[in-house]
Amino acid sequence: MKELLKGWNTIPNWLTYLRIVLVPVFAVLFHKGYIAAALIVLAVSGLSDFFDGKIARRFNMVSDLGKLIDPVADKLTEITIAVLFFLKFREGEGLIKTFSWIFLIFIIKEFLMVAFGAFMLSIGLRPSAAEIWGKAATMVFYLVMIAIVMFGPGVGLLAKYWTIPDLPLLIMVIVSAVLTVVAFIGYIPSSAKQILDKIKSKKAN
């Protein structure tokens, strides 16, 4: 634990702490109907996610704690947004209500990641850091969700001026969901290798 907390007080880690704190803030604002404020919070969360890794690598501030809590912040954010949108679009009509189940893909994937990550920690392994597909999936997820908060039918801040048509909206969410599944599959080989190496090491001892 002492080794894990080494280097906790860095700018990238504080940006990640901020993202974690913003999760319930966004949920409350969105649920209460303060869409403009919720959009600002979501944008700040997305920007902090974009900059924390860049700052960490540019100024040599990469830490074990940062590698651990960065995906935790991503998962908390994505689960919260997916649950809120699933519940909201379930109240809609037609295609919007039909495709609301797609948000369950995000929810299930993130819960699986959390459960698998907890299992790895329990056996003394650290979950793999996000690969390129993981980062791409997160970025697209943020962009799509911000677009929904701005122009989504029934929820968009600016929907009274222009609303994303149902079919393009469906395609956007499906693309984000596919990237999410690809990113999840991308975690499997490295994680499986860690577990197999752990088993081989135990047998050797």
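These numbers were taken from a predicted model, which means no experiment stands behind them.

Draft legend 1. Geometry of the overall build of the protein. When helices and strands are tallied, the protein shows seven helices and zero strands. Secondary structure elements of the protein, listed N to C terminal, follow the sequence α-α-α-α-α-α-α. Taken against the 2.2 N^0.38 rule, which gives 17 Å for 205 residues, the C-alpha radius of gyration of the protein at 18 Å falls within 12% of a compact globule. Dimensions of the protein, computed from the C-alpha atoms along their principal axes, are close to 65 × 35 × 25 Å. Looking at the 205 residues of the protein, the share that counts as buried comes to 42%. Here the contacts in the protein between residues at least 6 apart in sequence split such that 74% fall between residues at least 24 apart. Per element, the accessible surface of the protein, about 11,500 Å² overall, is 72% carbon and sulfur.

Draft legend 2. Broad picture of the confidence of the model for the protein. Residues with a pLDDT of 70 or more make up 94% of the protein, whose mean pLDDT is 84. No element of the protein has a lower mean pLDDT than helix α4 (residues 94–98), which averages 73, and none a higher one than helix α1 (residues 11–32), which averages 92.

Draft legend 3. Quick peek at the pattern of salt bridges. All told, the structure shown has six salt bridges when counted by the stated rule. For the salt bridge of K109 with E110, the shortest nitrogen-to-oxygen distance reads 2.8 Å. Accessibility assignment for this pair places K109 and E110 in one class, buried. Here the residues in one salt-bridge network are R19, D49, D52, D70 and D74, joined through shared partners.

Draft legend 4. Fine view of the environment of I11. Tracing the backbone through its elements, the reader meets I11 in helix α1. Residue classification places I11 among the partly exposed residues on the basis of a relative accessible area of 49%. Along the backbone, I11 and F59 are 48 residues apart, and their C-alpha atoms lie at a distance of 10.0 Å. Beyond its immediate sequence surroundings of up to four residues, I11 is in contact with I55 and M61.

Reading the values: the criteria
Residues numbered from 1 in each chain as written. Predicted model: local features only at pLDDT ≥ 70, side-chain atom pairs only at ≥ 80, totals over all residues. Heavy atoms only, no water. Helix = DSSP H or I, 4+ residues; strand = E, 2+ residues; numbered from the N terminus. Rg over C-alpha atoms; globule rule 2.2 N^0.38 Å. Buried < 20%, exposed > 50% of the residue type's maximum accessible area, 1.4 Å probe, protein only. Contact = heavy atoms within 4.5 Å. Areas by Shrake-Rupley, 256 points an atom, 1.4 Å probe, with all protein chains shown as cover. pLDDT = per-residue confidence, 0-100. Salt bridge = Lys/Arg side-chain N within 4 Å of Asp/Glu carboxyl O.

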